[in-house]
Amino acid sequence: MDPTPYFIMGAMFGTSATLAIQWFANRKVKKALSTTQQAPSGPSPDQLRQQRETAEMRRRLAVLEEIVTDQPKRLAHEIDGLR
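To continue, consider the pattern of salt bridges. Enumeration over the complete set of coordinates arrives at five salt bridges. Residues Arg49 and Glu53 are paired through a salt bridge, measuring 3.1 Å at the closest nitrogen-oxygen approach. Of the two residues, Arg49 and Glu53 both sit in helix H2 (residues 45–69), four residues apart, roughly one turn of that helix. With relative accessibility at 37%, the residue Arg49 sits in the partly exposed group. Owing to a relative accessible area of 40%, Glu53 belongs among the partly exposed residues under this scheme. Among the charged side chains, a network of salt bridges with common partners joins Glu56, Arg59 and Arg60.

Below you can see the structure in the form of structure tokens.
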């Protein structure tokens, strides 16, 4: 029995499967691109919340750095002044 017809059929099936996969992927990419172009250009509420939290954490970190690097006598003096 000659294997040539099976080889030809396999090559045709492989080629058509590859083309079908690429067509579906191309369609998916075009759909994703069209939805991103329609998205609003401003930051999302999650991004705004994240920016606020980051700013608050930076402010807290600055206070902690000031406390850690401050001279002990000055810190004790300020605490006594608050009493």
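So, about the environment of Thr69. Along the chain, the position of Thr69 falls in helix H2. Along the backbone, Thr69 and Leu82 are 13 residues apart, and their C-alpha atoms lie at a distance of 20 Å.

Our focus in this paragraph is a nonpolar patch on the surface. On the surface, Phe7, Ile8, Met9 and Met12 cluster together into a nonpolar patch covering about 470 Å² of accessible area. Here Phe7 is to be found in helix H1 (residues 4–38). Relative accessible area serves as the criterion here: at 63%, Phe7 is assigned to the exposed category.

Turning our eyes to something else, we now look at the packing of aromatic side chains. This model, assessed by the stated rule, comprises one aromatic pair. Between the aromatic rings of Trp23 and Phe24, the centroid separation amounts to 4.9 Å while the plane-to-plane angle is 70 degrees, which identifies the pairing as edge-to-face.

Parameters and conventions
- Residues numbered from 1 in each chain as written.
- Predicted model: local features only at pLDDT ≥ 70, side-chain atom pairs only at ≥ 80, totals over all residues.
- Heavy atoms only, no water.
- Salt bridge = Lys/Arg side-chain N within 4 Å of Asp/Glu carboxyl O.
- Helix = DSSP H or I, 4+ residues; strand = E, 2+ residues; numbered from the N terminus.
- Buried < 20%, exposed > 50% of the residue type's maximum accessible area, 1.4 Å probe, protein only.
- Patch = residues over 30% accessible without salt bridge, like charges linked within 9 Å, V, L, I, M, F, W, Y side chains within 5 Å.
- Areas by Shrake-Rupley, 256 points an atom, 1.4 Å probe, with all protein chains shown as cover.
- Phe/Tyr/Trp six-rings, centres within 6.5 Å; stacked < 30°, edge-to-face > 60°.

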